[in-house]
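# Overview (structure and organization)
If you want the building blocks of each chain, they are given just below.
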Amino acid sequence: MPVEIEMRARFSQEVHDRLVARLERDGEDLGQDDKYIYFYVLPDRLLKVTDNITATTAKITLKDGKIGQGSAFPETEIAIAHDDVPAAVRIFNTLGFESAMHEAYNARRNFRFGEVEIAVKWSEAWGYHAEFEVLLDEEPSPAEVVAAHERIAAVARELGVILMSESELAEFTAAFESARSASES
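Residues numbered from 1 in each chain as written. Predicted model: local features only at pLDDT ≥ 70, side-chain atom pairs only at ≥ 80, totals over all residues. Heavy atoms only, no water.

Turning our attention to the packing of aromatic side chains. This model, assessed by the stated rule, comprises five aromatic pairs. Centre to centre, the rings of Tyr36 and Tyr38 are 5.2 Å apart; their planes meet at 65 degrees, and the pair counts as edge-to-face. Take Tyr36: its relative accessible area is 26%, and that puts it in the partly exposed class. Between the NZ or CZ atom of Arg8 and the centre of the ring of Trp126, over which it lies, the distance is 5.5 Å. (Phe/Tyr/Trp six-rings, centres within 6.5 Å; stacked < 30°, edge-to-face > 60°. Buried < 20%, exposed > 50% of the residue type's maximum accessible area, 1.4 Å probe, protein only. Lys NZ or Arg CZ within 6 Å of the ring centre and 35° of its normal.)

Quick look at the environment of Ala88 now. Secondary-structure assignment places Ala88 in helix α2 (residues 85-97). Taking the relative accessible area as the measure of exposure, Ala88 reaches 8% and is therefore buried. A C-alpha to C-alpha distance of 7.2 Å links Ala88 and Val49, two positions 39 residues apart in sequence. For Ala88, the contacting residues outside a window of four places in its chain are Val49, Ile60 and Ile80. (Helix = DSSP H or I, 4+ residues; strand = E, 2+ residues; numbered from the N terminus. Contact = heavy atoms within 4.5 Å.)

Moving on to the confidence of the model for the protein. In this model, the protein carries a mean pLDDT of 89, and residues with pLDDT of at least 70 account for 90%. The secondary-structure element of the protein with the lowest mean pLDDT is helix α4 (residues 166-184), recorded at 69, while helix α1 (residues 13-26) shows the highest, at 97. (pLDDT = per-residue confidence, 0-100.)

Turning our eyes to something else, we now look at a nonpolar patch on the surface. Taken together, Ile53, Tyr105 and Trp122 make up a surface patch of nonpolar side chains, about 270 Å² in accessible area. Classification of Tyr105 by relative accessible area gives partly exposed; the value is 34%. (Patch = residues over 30% accessible without salt bridge, like charges linked within 9 Å, V, L, I, M, F, W, Y side chains within 5 Å. Areas by Shrake-Rupley, 256 points an atom, 1.4 Å probe, with all protein chains shown as cover. Salt bridge = Lys/Arg side-chain N within 4 Å of Asp/Glu carboxyl O.)

Next up on the list: the nonpolar core. Generally speaking, soluble globular proteins have nonpolar side chains that are buried together. Judged by nonpolar contacts, the single largest core of 26 residues is most densely connected at Leu19, Leu23, Ile118, Phe132, Ile152, Leu159 and Val161. Elements with a minimum of two residues in this core: β1 (3-11), α1, β7 (101-113), β8 (116-123), β9 (127-136) and α3 (142-159). Among the elements that make up this core, the one with the highest residue count is α3 (six residues). Residue contacts for Leu23: discarding those within four places in its chain leaves Glu28, Phe111, Phe113, Ile118, Val120 and Leu159. (Core = buried A, V, L, I, M, F, W, Y, C linked by side-chain atoms within 4.5 Å.)

Here's what the structure looks like:
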């Protein structure tokens, strides 16, 4: 199973617009990639059903970890038919995961810059944000993980983006989950 090294940043619309302009000029534009995602936030993992609206594809992803618990995410992905998204959601809800689910629309545009994939996004929960990612082979060495972190950090610095720390991510996601739980009560 491949391992994603992900780091994130949240920012204003002004920073978003400046980042997109720079990536359009100096990066490789991988295109629009809007998604509707059903997130199942489990105690130690993240399960999601992704409806890729732009590509009319879909997948189920299990991430061995959660945002704010480290930047390395081993993951398992299973492609499903786009038309099977409602059935997949119904199955997970029937299995008892419904209380852990939240839905999100992500307006997203993907770029590559300096060997780092960057998804520049907007969602209701996160606002304007970006995900910086390097994909590594199964069971990467500690040196490969460190090198991926350094590559992401260097690209973010070059683009003038401040990455969130793990504690900031954990705090943000905990506040989101707490607010979501309170609104359901």
